[in-house]
Amino acid sequence: MNITRTELIKICDRFLDDKISKDEMIHFATSVMFDDEDKYECEDEIVEEILSQWDNVNTQFKINKTSIQFLRNQLLKID
């Protein structure tokens with residue numbers, strides 16, 4: 001599965017709509033970052049960096065509606 005910027009925007013939307021939790025976002029990021037079976041592939045370095053931040057215990061506290069809305073807007077500009 002190729003994780004794209006568009007896919008991350010959809011994840012951000014689901015979080016902002018309270019359809020997924022912060023813990024679910026972290027779990028997804030961890031699954032992608034530590035995929036031993038190569039099921040996941042990041043579209044580019046931006047996607048990989050975002051998932052890395054979501055997976056990092058030192059930055060997970062920054063996951064909130066404000067930061068995710070900002071990130072979503074940035075992804076739309078890049079896309």
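In case you missed it, the structure is sitting above this.
Reference entry: report on the structure contained in this document.

Criteria and cut-off values
- Residues numbered from 1 in each chain as written.
- Predicted model: local features only at pLDDT ≥ 70, side-chain atom pairs only at ≥ 80, totals over all residues.
- Heavy atoms only, no water.
- Helix = DSSP H or I, 4+ residues; strand = E, 2+ residues; numbered from the N terminus.
- Expected span 1.5 Å × (residues − 1).
- Buried < 20%, exposed > 50% of the residue type's maximum accessible area, 1.4 Å probe, protein only.
- Arc of directions from axis to C-beta.
- Contact = heavy atoms within 4.5 Å.
- Polar contact = N/O pair within 3.5 Å; in protein donor to acceptor, adjacent residues only side chain to side chain.

## A few points about helix α4 (residues 65-78)
Here is step 1: For α4, spanning 14 residues, the distance from its first C-alpha to its last is 20 Å, which sits close to the expected 20 Å at 1.5 Å a residue.
Here is step 2: Turning to α4, its buried residues number three or more, namely Ile 68, Leu 71, Arg 72 and Leu 75. Mapping the buried residues of α4 onto a view down its axis gives an arc of 105°, with all of them on the same face. In α4, the exposed positions that point more than 90 degrees away from the buried face belong to Thr 66, Phe 70 and Lys 77.
Here is step 3: In this structure, the buried side of α4 is in contact with α1 (5-16), α2 (22-33) and α3 (45-55).
Here is step 4: At the N-terminal end of α4, a side-chain oxygen is found 3.0 Å from the backbone nitrogen of Thr 66, two or three residues along, and the residue is Asn 64.

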